[in-house]
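Here are the chains, one letter per residue:
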Amino acid sequence: MPSDARPDGPADRLALPPFLWLVALAGLAVVLVLEPLGTYAVFGSDTGEYVRLTSAIATTGHLPGAYGGWGSAYPDFPGIFLLATATAGVTGANVLTSLALVVPVVAALSVLPLFLLLRRIFPNDTIALLGAGLATVAFPRIFSLAHPAPLALGDFLVVAALWMFVEGRRDLRWYGPLALTAAALVVTHHLSSYFFLVSAIGSVVLLELYRPGLWSRRFPDRELAFTGAMVVGLLAFWFVYAKSFLPTVSRGAVGTGPLELLLFEAAAIAGFVGLTLLLRWRRARRWPRPKVTFPSDRSTVRDFGLLVAATFGGVLLLTVVPLPGTTQKTTVAAVVLFAPILLFVPLAAGTRRIVSAARLGPLGLTWLAAVGLSALAAIATGTSVISPARHAEYLVIPLGLLAAIGLGRLVARGADAWGRPALLAGVAAGVLLLAGNAAIAYPPPADFGGFQEGLTPADAALWGWAAQGLPPPTIVASDHRLSSMLFGFDGLRATWDSTPALFVGSNWSAAEAELNASLAPHGPPLYPLDAVAIDATMRTSGVALNPSAPAAPMSAAARAWFDRAPFVPIYENGLQSVYWVDGPFGPGVST
C-alpha cells in the first residue's frame, strides 16, 4: 500500500502541495473546455436552441408553451437555462456569453469533487490527483464538458452527487446536500440522472453481492431508500412536468396519464424491494471471503501485454468491421491518435488486487462493472434512449482511477529496482499520459463521421445577416448545425434533418418534393421552403443532418442545382451562401 494510504479514507485536511496541484488541475480543465472558443464562434451544434430557451426565461420569466425546435423535450429540463439566466442577470452578460462560458467552466470544475471522491475510494492523494486528471482530460469527458449543454452541467452534478453519496456512508448529514444535488440533476438532464443511479446503486449492490459488509457493517438501507425515492421522484417529474419527454424518447409508445405513472412507480418500488431482499439473502449466507494477494511483477507484465493486444486489436478490428449497431468504421490513423486513452485499459493490469487493499477500493471495480453492464445492455438492445456511446464518458472515470493506480505501481516498482532515475522517468510518463490525452481532447471531425460541432465566425456572420435578411416566418433548409442557429438566434423555421434529397441526393424530383413540403422540424403540417443556407463545412466536410448519423458529402447533383434556378443567391461570403427559392413553390406557411 502507498505510504500515505489510510485504511478507511483520508484525513479531512488536504496538505498544501496536493491542494496546489488540484488547483492547477482545475485550471487546466477550464482552459481545455474553453479552448474551442479560440477557434469557433460557437461550440455545440444545439447551442442556438439553448440560447432561444434561455432568452425566453430571461425575457418572459418562463419557458415557451409551444416549442418549434428540433429538441422538442429541451424545455422539459430547464437546469442550464436557469443557471445561464441567473448568471446573465447577476453579471449583465448576454445570454450566449453566459451559456458559452459559465456552463463549460462549471462542468470543468467537476474535477474538484471527482478528486475528493477518488480520494475516498483509494486514500492516496497522488493517485487521486492523477486519476481525477486522467478522467477529466480524457476525450469522452472533456469533449462533452466543453458544450454549453445539459449533459455538461449534468456531468458535474453526477460527480458531485456520487461524492456526497459515498460520504453519506459514514455521515447521514450528507444526505441534505445530496438531495438538493439530485433534485437539480433530475431537472437538468435525464441521461445524467440515469448514470448517477447506475453508478451509485449499481456499484453498491454489486459490492454487497461480492463482499457483504464491505460498504458498511450496517445494511445499506439508507442508500436503497434514497435511490429508490429518487427514482420515484424522477418518474413523477417525467410524467407530470416533462410531458414531451416520454412520448419523444419512446416514440409514442408510453403515455403520460395517471395509469402509466402508477404502473411505472409500482415497477420501480418492486425493483427496489427485490434488491433489498436479494441483499438480505446475500448477507445471511457466510461465504468465504476471497483472499487478497498482491500481483507479481511477472503476472502484471503478462496481463499488460494481453490487455494491449486485446484493446488495440479490438479497436483495429473496427477498421474492417463496423461498430455494433452502426455503420461507422475507424482508421489506423484514428487508432494511433487515440492511443493515450486506449492505454487506460492495459495500465489497469494488476490493479484489482491492489485497489482491494483500501476499504472502499473494490467500489472502483464495481462502479466500472455497473456502467459496463449498462453499456453492454444498451449495445445488445440497440436502444437509442440510452446511447452506448454516452457510456464512454462515465466509464473513463473509474478507468482513470485504475490507470493511475497501475501507473503508480509501475513507478514505485521501478524506483525500488533502479532508484531515482526510474522514479523521474515514471513521473515523466504520467505527465506525458496526461498531456497526451489533453492533446486529443478535440479530435478531427473525420473521426466523428464528419460531424463538426463548431461553428465559425463566418457562420455567425451568416445567421447575423439572416436576422435582418430573412424575417420570420421564413422557412430555411440547412443542416443540423445551421438550423439550430437560424432558429435559435433569428427565430426562423428550419428543417434540421428533413431535407436529405435536397443536399445529398441526386434525384431532382425528390428534391423538388422537399422544396414543396418539408418538416420544419415537426409536423404536420409540412411547409414549402423559402430559402436554403449552406456554409463551408457543408461544402467541404459533409452535410450533418442528424448528430447521431455520419455527415454525408454534398452530392454533385446538389452542387449543380444550387447554381441554377430556382435558387437565387441573396447572400454570399466566401463559401457561405443563402439562396432564395424563386419558383412555383410559394412562400412559407406560418402556423
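Check the entry above for the structure.
Keep in mind that what you see is a predicted model, and the values were worked out from it rather than measured.

Draft legend 1. Structural view of the packing of helix H5 (residues 111-121) against helix H6 (residues 125-137). Their axes nearest at 8 Å, the elements H5 and H6 cross at an angle of 135°. When the axes of H5 and H6 are compared, the pair comes out oblique. The way H5 lies across H6 gives a crossing that is right-handed. Each of Val 111, Leu 114, Phe 115, Leu 118 and Arg 119 in H5 lies in contact with H6, whose residues at this interface are Asp 125, Ala 128, Leu 129, Gly 131, Ala 132, Ala 135 and Thr 136.

Draft legend 2. Looking closely at helix H9 (residues 175-186). Counted at 1.5 Å a residue, the expected span for H9 with its 12 residues is 16 Å, and the 16 Å between its end C-alpha atoms agrees. Along H9, the residues classified as buried are Tyr 175, Leu 178, Thr 181, Ala 182, Leu 185 and Val 186. Down the axis of H9, the smallest arc covering the buried residues is 140°, so these residues share one side.

Draft legend 3. The packing of aromatic side chains, seen in detail. Overall, the coordinates contain 29 aromatic pairs when judged by the stated rule. Ring centres of Phe 43 and Phe 143 lie 5.6 Å apart, and the angle between their planes is 80°; on these two criteria the pair is classed as edge-to-face. Here Phe 43, found in strand E1 (residues 42-43), pairs with Phe 143, found in helix H7 (residues 139-145); they are 100 residues apart in sequence, far enough to count as distant. Assessed through its relative accessible area of 6%, Phe 43 is described here as buried. On the accessibility criterion, Phe 143 (13% relative accessible area) is buried. By way of ring pairs, the aromatic residues Tyr 40, Phe 43, Phe 139, Phe 143, Phe 338 and Tyr 442 are connected into one cluster. Over the ring of Phe 487 we find Arg 52, and its NZ or CZ is 4.4 Å from the ring centre. In this structure, Arg 280 packs its charged tip against the face of Phe 219, placed 3.9 Å from the ring centre.

Draft legend 4. Spatial organisation of the packing of helix H20 (residues 391-418) against helix H21 (residues 420-439). Two elements in contact, H20 and H21, have axes separated by 7 Å at closest approach and are oriented at 160°. Compared by their axis directions, H20 and H21 come out roughly antiparallel. Regarding H20 and H21, the two cross each other, and that crossing is right-handed. Contact with H20, carried on its side by Leu 407, Val 411, Gly 414, Ala 415 and Trp 418, involves Arg 420, Pro 421, Ala 422, Leu 423, Gly 426, Val 427, Gly 430 and Leu 433 of H21 and no other residues of that element.

Draft legend 5. Geometry of the side chain of Thr 227. Mapped onto the secondary structure, Thr 227 falls in helix H11 (residues 221-240). Looking at Thr 227, its side chain comes within polar contact range of the main-chain oxygen of Glu 223, at 2.8 Å. For Thr 227, the contacting residues outside a window of four places in its chain are Phe 165, Leu 197, Ile 201 and Phe 272.

Draft legend 6. Main features of the pairing of strand E7 (residues 576-581). Counted residue by residue, E7 has five buried out of six residues, so it is predominantly covered. With six bridges joining them, strand E6 (residues 567-573) and E7 adopt antiparallel strand pairing. What sits directly across from Glu 572, in E7, is Ser 577. Counted between consecutive antiparallel strands, the loop separating E6 from E7 contains two residues, among which Gly 574 sits at a positive phi close to 65°.

Draft legend 7. Expanded view of the sheet that holds strand E3 (residues 475-477). In spatial order, the strands read E4-E3-E5-E7-E6; together these five strands make up an open sheet with mixed pairing. Lying at the two open borders of the sheet, with one neighbouring strand each, are strand E4 (493-494) and E6.

Draft legend 8. Highlighting helix H10 (residues 190-210). Compared with an ideal rise of 1.5 Å per residue, which puts 21 residues at 30 Å, H10 spans 30 Å between its outermost C-alpha atoms and is within 8% of the ideal. By the criterion of burial, H10 is predominantly enclosed, with 16 of the 21 residues buried.

Draft legend 9. Layout of unusual backbone geometry. Of the consecutive residues Pro 472 and Pro 473, the connecting peptide bond is found in the cis state with omega at 10°. Relative to the helices and strands, Pro 473 is located in the loop between helix H22 (457-469) and E3. In this model, Ala 520 is joined to Pro 521 through a cis peptide bond whose omega is -15°. Mapping Pro 521 onto the fold places it in the loop between helix H25 (508-516) and strand E5 (531-534). In the Ramachandran plot, Trp 496 falls in the positive-phi region, its phi being about 55° despite a non-glycine side chain. Since its relative accessible area comes to 0%, Trp 496 is described here as buried.

Draft legend 10. Representation of the environment of Leu 117 within the structure. Within the fold, Leu 117 resides in helix H5. What makes Leu 117 buried here is its relative accessible area of 2%. Counting along the chain gives 84 residues from Leu 117 to Val 33, while the straight-line C-alpha distance between them is 22 Å. Beyond its immediate stretch of four places on either side in the chain, Leu 117 contacts Leu 162, Trp 163, Val 166 and Trp 367.

Draft legend 11. Structural context of the pattern of salt bridges. Tallying each qualifying case throughout the model produces 15 salt bridges. Across the salt bridge formed by Asp 171 and Arg 173, the nearest N and O atoms sit 2.9 Å from each other. Residue Asp 171 is classed as partly exposed on the basis of its relative accessible area, which comes to 22%. Two residues, Asp 459 and Arg 481, come together in a salt bridge whose shortest N-O distance is 3.6 Å. Here Asp 459, found in helix H22, pairs with Arg 481, found in helix H23 (residues 480-490); they are 22 residues apart in sequence, far enough to count as distant. Its relative accessible area of 1% is what places Arg 481 among the buried residues. Each of the salt bridges in this network shares a partner with another, and the network as a whole consists of Asp 297, Arg 409, Arg 413 and Asp 416.

Draft legend 12. View of the side chain of Asp 530. Looking at the element boundaries, Asp 530 is found in the loop between H25 and E5. It turns out Asp 530 is buried and unbridged, and the closest side chain with the opposite charge, Arg 493, is 8.8 Å from it. Among the polar contacts made by the side chain of Asp 530, one reaches the main-chain amide nitrogen of Ile 475 at a distance of 2.9 Å.

Draft legend 13. Representation of the nonpolar core. Counting residues in hydrophobic clusters, the biggest one holds 122 residues, and the most contacted among them are Phe 196 and Trp 238. Counting residues per element, this core draws most heavily on helix H8 (residues 150-167), which supplies 12 residues. What Trp 238 contacts, discounting residues up to four positions off in sequence, is Phe 77, His 190, Lys 243, Phe 245 and Leu 246. One finds Val 42, Leu 502, Met 538 and Leu 545 within the second-largest nonpolar core, a separate group that totals 36 residues.

Rules used throughout
Residues numbered from 1 in each chain as written. Predicted model: local features only at pLDDT ≥ 70, side-chain atom pairs only at ≥ 80, totals over all residues. Heavy atoms only, no water. Axes fitted to C-alpha atoms, helices over the stretch in contact; angles between N-to-C directions. Helix = DSSP H or I, 4+ residues; strand = E, 2+ residues; numbered from the N terminus. Parallel < 35°, antiparallel > 145°, perpendicular 65-115°, else oblique. Left-handed = near helix turned anticlockwise from the far one by under 90°. Contact = heavy atoms within 4.5 Å. Expected span 1.5 Å × (residues − 1). Buried < 20%, exposed > 50% of the residue type's maximum accessible area, 1.4 Å probe, protein only. Arc of directions from axis to C-beta. Phe/Tyr/Trp six-rings, centres within 6.5 Å; stacked < 30°, edge-to-face > 60°. Lys NZ or Arg CZ within 6 Å of the ring centre and 35° of its normal. Polar contact = N/O pair within 3.5 Å; in protein donor to acceptor, adjacent residues only side chain to side chain. Pairing = 2+ DSSP bridges. Salt bridge = Lys/Arg side-chain N within 4 Å of Asp/Glu carboxyl O. Lys, Arg positive; Asp, Glu negative; His and termini not counted. Core = buried A, V, L, I, M, F, W, Y, C linked by side-chain atoms within 4.5 Å.

None of this, on its own, says anything about what the molecule does.
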